[in-house]
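# Summary of the model geometry
As a plain string of letters, each chain reads:
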Amino acid sequence: MLYPWQEPVWQNWQQLLRQGRLHHAVLLVAPSGSGREALARQLAKTVLCQHSETDPCGQCHSCQLFDAGNHPDFHAVTPVQAGKQIGVDAIRQCNRWATETSQLAGQRVIMIDPADQMGESAANALLKTLEEPPSGCQFVLLAHSLDSLLPTITSRCNQWRLPTPDEGQTQRWVEQQLMQSVKREAIRLNSGSPLATVAFIEQGQDIRYGNLLDAFCAFARPPHLGLYDVAGMCVAEGAISLKWLSYFLVDCIKLQQGAGAHLIHCESVSRVQAVAAQISPVVLLRQAHQVNVLQRQLETHSGLNEELLIVNWLTGFMPD
C-alpha cells in the first residue's frame, strides 16, 4: 500500500508506464521516514507484473514471488551495515545482474538504496551501465538528497522528489495511526516525516527526549549540576541525542535573535526561554557548532569514548 503523500508521484509514474515512457533509471529523492522504499517497491512490482502495466495485479506468479521476497529478477542493493557506504563490489554485481537474462522472461529491476551512500568508485562503476542500459533492465535509485551524488549519476537518471506532506497533514495521519494526540514538536524533530514521527513515539523516544531536555535545562542553570546525568542519557540514547540537543540550542539562538515564531520546540517554549536567558549568545553559537561536529565524529568513527567526549562538550557550558 502507498501512503497518501506518495499518490501524486505514483500517478505520474503510472502515466509513464501506460505510455511506455518510463526512464530506464528513476532517481527518487526523499527523506528517511517518508516511506520511499514502499513507493520504489510498488514501482518494481508493477514493472515485473505479468498481467498489468500500471498496477501490480497481486495474482500472477511474479507478484506472488515479489510478495514472498524471493523474486529472481528483483535485486535490492543496500549497505552491508547501516550508515556505511555501498562498495564497488556491490555495484559490479549490479552490473552483472543488469546484463543477465530474465528468469521469468520479463523485466529485471535493480534498486539501490540509498544511492547517495555509494562511494566514488562504486558510482563510477555504475556510470557505464546507466549510459548504455541493457534492454529490459529498470534501475530505481533512492537518495536522501542530491548533495552526495555525483552529477554524472544524476544527469543519467530521471529525477523525482517526493514532497514531504505539510505539518497538518502529517499530524492528522500520525494521530490516525497511533489513535492519540501528537505534539507538533515531535513532527518537527523528525523533519516532518510521518513514518519517522510514528517510530519516534512508538519507541518511546518522545519520553526519553523529554527527560533529556529536563536534565539538560537543570544542568544549564548555575551551579551546573548534573553534568554526568546528561552525559549518561546521551550515551544511552546514542548520537541522535546530540541531534536533539542541537535542535534545542538552535531554538535558543533563534529566541535570542528575535525569531521565536519559528521554533521546533513550539510546545516547550518555557524551556527554551529559560536556557536562552542563562547562556550567552557566544557560548550558544559555539556549543551548537561543536555538538554538530561531535555528532558527525561519533557517527563516523567507532571505538571512541563517547562519555568522555560528551562530558568534554558539556563542560563548554560552564564558566572557566
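Description of the structure in this document. Keep in mind it's a predicted model, so treat the numbers as computed, not measured. (Residues numbered from 1 in each chain as written. Predicted model: local features only at pLDDT ≥ 70, side-chain atom pairs only at ≥ 80, totals over all residues. Heavy atoms only, no water.)

## Section: helix α7 (residues 167-178)
To keep things clear, this is the line we draw: The helix and strand labels rest on DSSP assignments: H or I over at least four residues marks a helix, E over at least two residues marks a strand, and numbering proceeds from the N terminus. By this rule the span expected of a helix is its residue count minus one, scaled by 1.5 Å. Residue burial is assigned from relative accessible area. The probe radius is 1.4 Å, only protein chains are included, and a residue is buried under 20% of its type maximum, exposed over 50%, and partly exposed in between. Two residues form a contact once any of their heavy atoms are found within 4.5 Å. Here a polar contact is taken to be a pair of N or O atoms separated by no more than 3.5 Å, where protein atoms must pair a possible hydrogen donor with a possible acceptor and residues adjacent in sequence count only if both atoms sit in side chains.
For α7, with twelve residues, the first-to-last C-alpha span of 16 Å sits near the 16 Å given by 1.5 Å per residue. Listed as buried for α7 are Gly 168, Thr 170, Gln 171, Trp 173, Val 174 and Leu 178. Where α7 is buried, its residues contact α8 (184-189) and α9 (194-202). The distance from a side-chain oxygen at the start of α7 to the backbone nitrogen of Gly 168 is 3.1 Å, and the residue carrying that oxygen is Asp 166.

## Notes on the environment of Arg 188
For Arg 188, the position within the fold is in helix α8. According to the relative accessible area criterion, Arg 188 is partly exposed, its value standing at 28%. Here the side chain of Arg 188 touches Glu 167 through a polar contact of 2.7 Å, side chain to side chain.

## Structural notes on the packing of helix α10 (residues 205-220) against helix α12 (residues 240-256)
Packed helix pairs are specified by the crossing angle of their axes together with the interaxial distance, meaning the distance between the axes. Going by this rule: Helix axes use the C-alpha atoms of the stretch in contact, all axes being lines fitted to C-alpha atoms, and the angles between their N-to-C directions lie in the range 0 to 180 degrees. These descriptions rest on fixed angle ranges, namely under 35 degrees for roughly parallel, over 145 for roughly antiparallel, 65 to 115 for roughly perpendicular, and the rest for oblique. Each helix crossing is assigned a hand: it is left-handed if the near helix lies turned anticlockwise from the far helix by less than a right angle, otherwise right-handed if that turn is clockwise. Amino acid classes used here: Ala, Val, Leu, Ile, Met, Phe, Trp, Tyr, Cys and Pro are nonpolar; Asp, Glu, Lys and Arg are charged; the rest, including Gly, are polar.
The contact between α10 and α12 brings their axes to 11 Å, and the two run at 60°. With respect to α12, the axis of α10 lies oblique. Considering the relative orientation of α10 and α12, their crossing is right-handed. Residues Gln 205, Tyr 209, Leu 212, Leu 213, Phe 216 and Cys 217 of α10 form the contact with α12, whose participating residues are Ile 240, Ser 241, Trp 244, Leu 245, Phe 248 and Leu 249. Along the lines of polarity and charge, the residues of the contact of α10 with α12 split into ten nonpolar, two polar and no charged.

## Things to note about the packing of aromatic side chains
Any pair of aromatic rings gets described here by the distance separating the centres and the angle formed by the planes. What counts here: Between 30 and 60 degrees the pair is tilted, below 30 it is stacked and above 60 it is edge-to-face, where a pair is any two Phe, Tyr or Trp rings, Trp via its six-membered ring, whose centres lie within 6.5 Å.
Here the structure, examined in full by the defined rule, presents twelve aromatic pairs. Aromatic pair Tyr 3 and Trp 5: ring centres 5.1 Å apart, planes at 5°, arrangement stacked. Assessed through its relative accessible area of 22%, Tyr 3 is described here as partly exposed. The interplanar angle of 85° and the centroid separation of 6.0 Å between the aromatic rings of Phe 216 and Phe 248 together place this pair among those described as edge-to-face. With Phe 216 in helix α10 and Phe 248 in helix α12, the pair connects residues that are 32 residues apart, well separated along the chain. Of the two residues, Phe 216 and Phe 248, neither departs from the other in class, the shared state being buried. Three or more aromatic residues joined by ring pairs make a cluster, and in this case those are Phe 216, Phe 219, Phe 248, Trp 313 and Phe 317.

## Points about the side chain of Gln 205
Of note, Gln 205 is situated in helix α10. Residue classification places Gln 205 among the buried positions, given a relative accessible area of 15%. With residues near it in sequence (within four places) discarded, Gln 205 still touches Ala 199, Phe 200, Glu 237, Ile 240 and Trp 244.

## Things to note about the nonpolar core
The tendency in soluble globular proteins is for nonpolar side chains to be buried as a group. Basically, it comes down to this: Within this scheme, the nonpolar core is defined by two criteria: the residues are buried Ala, Val, Leu, Ile, Met, Phe, Trp, Tyr or Cys, and they are joined through side-chain atoms within 4.5 Å.
Membership of the largest hydrophobic core comes to 72 residues, with the highest contact counts inside it found for Trp 13, Leu 43, Phe 216, Leu 314 and Phe 317. The residues touching Phe 216, leaving out its near neighbours within four places in the chain, are Val 230, Leu 245, Phe 248, Leu 249, Val 275, Leu 314 and Phe 317. Core analysis: the next-biggest nonpolar cluster, separate from the first, contains 25 residues, Ala 25, Ile 110, Ala 122 and Cys 137 among them.

## Considering unusual backbone geometry
Residue Pro 114 is reached from Asp 113 by a cis peptide bond, and omega for that bond is -5°. The omega torsion of the bond from Pro 222 to Pro 223 falls at 10°, within 30 degrees of zero and hence cis. On the secondary structure map, Pro 223 appears in the loop between α10 and α11 (227-237). Even without being a glycine, Met 179 presents a positive backbone phi close to 55°. Position of Met 179 among the secondary structure elements: in the loop between α7 and α8.

## So, α11
To be explicit about the condition: The arc refers to the directions leading from the helix axis to the C-beta atoms.
Those residues of α11 that sit buried are Leu 227, Val 230, Ala 231, Cys 234 and Glu 237. On an axial view of α11, the arc spanned by its buried residues comes to 135°, and they lie on one face. Along α11, the residues that are exposed and aim more than 90 degrees away from the buried face are Tyr 228, Asp 229 and Ala 236. Check the buried side of α11 and you find it contacts α10, α12 and α15 (306-314). Looking one or two residues beyond α11, the residue adopting positive phi is Gly 238, at roughly 95°.

## Notes on the packing of α12 against helix α14 (residues 281-300)
Relative orientation of the contacting elements α12 and α14 amounts to 160°, with a least axis distance of 9 Å. Judged on the interaxial angle alone, α14 and α12 are roughly antiparallel. Handedness of the α12/α14 crossing: left-handed. Here Leu 242, Lys 243, Ser 246, Leu 249, Cys 252, Ile 253 and Gln 256 of α12 come into contact with α14, specifically with Pro 281, Leu 284, Leu 285, Gln 287, Ala 288, Val 291, Asn 292, Leu 294, Gln 295 and Leu 298. Residues belonging to the contact of α12 with α14 are distributed by class as follows: eleven nonpolar, five polar and one charged.

## Focus on the side chain of His 265
Tracing the chain through its elements places His 265 in the loop between α12 and α13 (269-278). In this view, His 265 contacts Glu 185, Leu 189, Tyr 209, Leu 213, Tyr 247, Phe 248, Asp 251 and Val 272; residues no more than four positions away in its chain are not counted.

By themselves, these figures tell us nothing about what the structure is for.
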